[in-house]
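Structural overview
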Amino acid sequence: MKPVPPATPLRRAPVQRRSAERLTRILDACADLLDEVGYDALSTRAVAQRASVPIGSVYRFFGNKRQMADALAQRNLERYTVRVTERLRQTGEEGGWRTAMDVVLDEYLEMKRTAPGFSLVDFGNQIPVGARQSEPNHRVADRLTDLLSGYLDREPDEDLRRVFLIAVETADTLVHLAFRVAPEGDQRIIEEAREMLRAYMARVLD
């Protein structure tokens, strides 16, 4: 499989703590405004006002709102990885790979329901908003392969990466269907998705 390009980098990476805190406020404001006004009405000026920073601070990190949304999506992926890692640490190896996959799906659903701005950009799959992009799912699949290969006692080889890519693409499609049917995600569709993923993964991991 071809390597996936990294997410759009910041124009300038924060070095000092104050600068990092300002970047956090900017991304928090971007996420909140995405939920409130949507992507089309989002502006760098509105983000600066909500974050209580000069407009120049926004442009120090981002050239436009698309780059802000890209950075928010990357932060979502980082936070998702941390959440999955922590849940797996709490559950240990009890339940095997099925428990691990439940954690992967459940943490995604929780972010879908609660994380500001996530419903519009998630991990970048819908940037520009309304489009469906494949590269972010490759990044998610690669991240999960690296994260779970040790837990599953499997080498993170190309075969395992392909398996996770198919699982991520399938889950992504079905979860979006569930949230189109019901605002909090249609539970019946989610459980069907869970069973489909388990059946597919069992072919490789059992």
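Just so it is clear, the model here is predicted, and its values are computed rather than measured.

1. A look at the packing of helix α4 (residues 65-91) against helix α7 (residues 135-152)
Running from amino to carboxyl end, α4 crosses α7 at an angle of 20°, the nearest separation of the two axes being 11 Å. Between α4 and α7, the interaxial angle falls into the category roughly parallel. For the element pair α4 and α7, the recorded crossing hand is right-handed. Facing α4, whose interface residues are Gln74, Leu77, Glu78, Tyr80, Thr81, Val84, Thr85, Leu88 and Thr91, α7 presents Arg139, Val140, Arg143, Leu144, Leu147, Leu148 and Tyr151.

2. What to know about the pattern of salt bridges
Counted according to the given criterion, the structure contains 17 salt bridges. Of the charged contacts in the structure, one is a salt bridge between Asp206 and Arg98, with a shortest N-O distance of 2.8 Å. Linking Asp206 in the segment after α9 (187-205) with Arg98 in helix α5 (residues 96-114), this pair joins segments that are 108 residues apart in sequence. A residue is classified by how much of its surface remains accessible, and Asp206, at 60% relative accessible area, is exposed. A salt bridge links Asp102 to Arg198; its shortest N-O distance comes to 2.5 Å. Taken together, the residues Asp102 in helix α5 and Arg198 in helix α9 connect sequence positions 96 residues apart. Given the relative accessible area of 17%, Asp102 is considered buried. Via salt bridges that share partners, Asp102, Asp106, Glu191, Arg194 and Arg198 belong to a single interconnected network.

3. A look at the side chain of Asn76
Tracing the backbone through its elements, the reader meets Asn76 in helix α4. Reaching out from Asn76, the side chain makes a polar contact with the backbone oxygen of Asp122 at a distance of 2.8 Å. Those residues in contact with Asn76 that lie beyond four places of it in its chain are Met111, Phe118, Val121, Asp122 and Phe123.

What counts, and at which threshold
- Residues numbered from 1 in each chain as written.
- Predicted model: local features only at pLDDT ≥ 70, side-chain atom pairs only at ≥ 80, totals over all residues.
- Heavy atoms only, no water.
- Axes fitted to C-alpha atoms, helices over the stretch in contact; angles between N-to-C directions.
- Helix = DSSP H or I, 4+ residues; strand = E, 2+ residues; numbered from the N terminus.
- Parallel < 35°, antiparallel > 145°, perpendicular 65-115°, else oblique.
- Left-handed = near helix turned anticlockwise from the far one by under 90°.
- Contact = heavy atoms within 4.5 Å.
- Salt bridge = Lys/Arg side-chain N within 4 Å of Asp/Glu carboxyl O.
- Buried < 20%, exposed > 50% of the residue type's maximum accessible area, 1.4 Å probe, protein only.
- Polar contact = N/O pair within 3.5 Å; in protein donor to acceptor, adjacent residues only side chain to side chain.

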